[in-house]
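So the chains spell out like this:
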Amino acid sequence: MKPETQTTRPSWDQYFMDIVELVSRRSTCLRRKVGAVLVRDKRMLATGYNGPPAGIRHCSEVGCLRDQMSVPSGERHELCRGLHAEQNAIIQAALHGVSTKGATIYCTNHPCIICSKMIINSGIVSVVYTENYRDELAEEMLREAGVGARKP
């Protein structure tokens, strides 16, 4: 006998995007909670969320440096205590000796220019993201490097 309500099995994109959303909930950023998951051959390699380096106090404890300095979103990325989710995912893979070559990175947001350059040099071949993040140079460089970027 079939149950009255049958759930639909999620696509691989939806499956990984659901995980990205969960990962983003670990963020301690006061402005935007971002998550990333590196995947190759339908297997997760590493995850990351935005926040400060290990052992450094979180913005939720000390306040947002960018807010204190009135830095607009998308500008002066270096003026932040935190790393981006994409950076943390790539760093976690490197820390544990996991190659990112040929991987896809799933993200809550389109990567910024700094993350896009890291993605390119990490050998990641595609980006799947949910939310836009207007950074024309990031989009242009990903395209020029042949890294696909799309919404699921």
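Details of the structure are given in the entry above.
First, a word on scope: everything that follows refers to the structure included in this document. (Residues numbered from 1 in each chain as written. Predicted model: local features only at pLDDT ≥ 70, side-chain atom pairs only at ≥ 80, totals over all residues. Heavy atoms only, no water.)

### Describing the pairing of strand S2 (residues 43-49)
- Judged from the 6 bridges that link them, strand S1 (residues 35-40) and S2 form a sheet pairing that is antiparallel. From the neighbouring strand, Ala-36 faces S2, where its bridge partner is Gly-48.
- Between the antiparallel neighbours S1 and S2 lie 2 residues, among them Asp-41 with a positive phi of about 55°. (Pairing = 2+ DSSP bridges. Helix = DSSP H or I, 4+ residues; strand = E, 2+ residues; numbered from the N terminus.)

### Topic: the packing of helix H5 (residues 113-121) against helix H6 (residues 136-144)
- At a closest axis distance of 8 Å, the pairing of H5 and H6 adopts a crossing angle of 15°. In terms of axis orientation, H5 runs roughly parallel to H6. Relative to H6, the crossing made by H5 is right-handed. Of H6, the residues touching H5 (which contributes Ile-113, Ser-116, Lys-117, Ile-119 and Ile-120) are Leu-137, Ala-138, Met-141 and Leu-142.
- Considering only residue class, the contact of H5 with H6 consists of 7 nonpolar, 1 polar and 1 charged. (Axes fitted to C-alpha atoms, helices over the stretch in contact; angles between N-to-C directions. Parallel < 35°, antiparallel > 145°, perpendicular 65-115°, else oblique. Left-handed = near helix turned anticlockwise from the far one by under 90°. Contact = heavy atoms within 4.5 Å. Nonpolar A, V, L, I, M, F, W, Y, C, P; charged D, E, K, R; others polar.)

### Comments concerning the state of the cysteines
- If you walk through the whole model with that rule in mind, you get 0 disulfides.
- Residue Cys-64 stays outside any disulfide, its sulfur separated by 5.7 Å from that of Cys-59, the closest cysteine.
- Residue classification places Cys-64 among the buried positions, given a relative accessible area of 10%.
- Here Cys-107 stays free of any disulfide, with the sulfur of Cys-115 as its closest cysteine sulfur at 7.9 Å.
- Judged by its relative accessible area of 0%, Cys-107 is buried. (Disulfide = S-S within 2.5 Å. Buried < 20%, exposed > 50% of the residue type's maximum accessible area, 1.4 Å probe, protein only.)

### Quick notes on the packing of aromatic side chains
- Under the definition given, this model contains 4 aromatic pairs.
- Between Trp-12 and Phe-16, the ring centres sit 5.8 Å apart and the planes meet at 25°, which makes this aromatic pair stacked. Of this pair, Trp-12 and Phe-16 are both found in helix H1 (residues 12-24), 4 residues apart, which corresponds to roughly one turn of the helix.
- Residue class for Trp-12 comes out partly exposed when judged on its relative accessible area of 40%. (Phe/Tyr/Trp six-rings, centres within 6.5 Å; stacked < 30°, edge-to-face > 60°.)

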